[in-house]
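# Survey of secondary and tertiary structure
The lines below spell out each chain.
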Amino acid sequence: MGANTSPSEKPRGLIRIIKATGYSWAGLKAAYHHEAAIRQEVVLLATALAVLLWLQLPVMESLMMFGVIVLVIIVELLNSAIEAVVDRVGEERHELSGRAKDIGSAAVFVSLLLAGVVWLTILWHHFGVPLIQ
């Protein structure tokens, strides 16, 4: 819902979907413009897609590998939103503000670890040295 829309004026049906899509697109553009981490992760996503097309792994494994990179971007978007709200509230240092930012950062870190584990496991499965011969 837009900032100037009262609850009684909520759009419905297709209009709501169109407006929500517009807000989402604006959010993606703002994140890309204002957040270096998002730009880096978009490069990571494009690189991952190129590598996956080159490797020609089974489709489900490729989707899983691509999906965990998309998950990193989703978590980064949420982290960026948390940081924006905390920064909007005030410039002064506060324990809860710092904790919120640190927890958001930790979520990004955990999503990156998950992506690394998924990629390494699948690549090891296809190209690694067998443990038992």
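If you check an unreviewed UniProt entry, the protein appears there as Diacylglycerol kinase from Salinivibrio proteolyticus. For the record of the protein, the UniProt heading Sequence similarities (unreviewed entry) holds the text "Belongs to the bacterial diacylglycerol kinase family."

Across its full length, the protein holds four helices and zero strands. Projecting the C-alpha coordinates of the protein onto the three principal axes gives extents of approximately 65 × 45 × 25 Å. At a minimum sequence separation of 6, the contacts of the protein that also span at least 24 residues come to 68%. Per element, the accessible surface of the protein, about 10,000 Å² overall, is 68% carbon and sulfur. Side chains of the protein give 10 positive and 11 negative charges; the mean places of these two sets differ by 11 Å.

Residues annotated in UniProt with the feature "transmembrane region" (unreviewed entry) correspond here to residues 42–57, 63–82 and 103–127. Structurally, residues 42–57 is divided into 88% helix and 0% strand, and its ends, taken at the C-alpha atoms, are 22 Å apart. In residues 103–127, helix accounts for 100% and strand for 0%; the two terminal C-alpha atoms are 35 Å from one another.

Attention now moves to helix 3 (residues 59–89). Here helix 3 contains 31 residues, and its C-alpha end-to-end distance of 45 Å stays within 8% of the 45 Å for a straight helix at 1.5 Å per residue. Residues Glu61, Ser62, Met65, Val68, Ile69, Val72, Ile73, Val75, Glu76, Asn79, Ser80 and Val86 constitute the buried set of helix 3. Those residues of helix 3 hidden inside the fold are in contact with helix 2 (36–55) and helix 4 (95–127).

Glancing now at a nonpolar patch on the surface. A surface patch of nonpolar side chains, amounting to about 400 Å² of accessible area, comprises Leu14, Ile15, Ile17 and Ile18. Tracing the backbone through its elements, the reader meets Ile18 in helix 1 (residues 13–34).

To continue, consider the environment of Leu78. Looking at the secondary structure, you find Leu78 in helix 3. Residue Leu78 is classed as exposed on the basis of its relative accessible area, which comes to 53%.

Leu57, Met65, Ile69 and Trp119 are the most contacted members of the largest nonpolar core, which totals 14 residues. The set of elements that each furnish at least two residues to this core consists of helix 2, helix 3 and helix 4. Broken down by element, the residue count for this core peaks at five residues, all from helix 3.

We now examine the pattern of salt bridges. Evaluated as defined, the whole model comprises two salt bridges. One salt bridge connects Asp87 with Lys101, and the closest N-O pair in it is separated by 2.6 Å. Taken together, the residues span a long stretch of sequence, with Asp87 in helix 3 and Lys101 in helix 4 at a distance of 14 residues. On the basis of relative accessibility, which here comes to 25%, the residue Lys101 falls in the partly exposed class.

Rules used in this analysis
Throughout, a residue's number is its position along its own chain's written sequence, starting from 1. Owing to the predicted nature of the model, reporting of local features is limited to residues with pLDDT of at least 70; listing and counting of side-chain atom pairs is limited to 80 or more, with chain, interface and lining totals taken over all residues. Note that the side-chain values use all heavy atoms of the structure and ignore hydrogens as well as water. UniProt positions are given in the numbering used here, feature names are shortened, and annotations may be inferred rather than shown by experiment. Each helix corresponds to a stretch of at least 4 residues labelled H or I by DSSP, and each strand to a stretch of at least 2 residues labelled E; elements are numbered beginning at the N terminus. Here a residue-residue contact requires only that any non-hydrogen atoms of the pair lie within 4.5 Å. We get accessible surface area from the Shrake-Rupley algorithm with a probe of 1.4 Å; when it comes to residues, only the shown protein chains can shield them. A positive count includes Lys and Arg, and a negative count includes Asp and Glu. His and the chain ends are not counted in either. Positions of charges follow a simple convention, taking NZ of Lys, CZ of Arg, CG of Asp or CD of Glu. What a helix should span is 1.5 Å times the count of its residues minus one. Exposure categories follow from relative accessible area, calculated using a 1.4 Å probe and restricted to protein chains: below 20% of the type maximum is buried, above 50% is exposed, and the middle band is partly exposed. Nonpolar side chains (Val, Leu, Ile, Met, Phe, Trp, Tyr) are joined into patches within 5 Å and like charges within 9 Å, using only residues with over 30% relative accessible area and no salt bridge. For this analysis, a salt bridge means a side-chain nitrogen from Lys or Arg found within 4 Å of a carboxyl oxygen belonging to Asp or Glu. In these notes, a set of buried Ala, Val, Leu, Ile, Met, Phe, Trp, Tyr and Cys residues joined through side-chain atoms within 4.5 Å is what counts as a nonpolar core.

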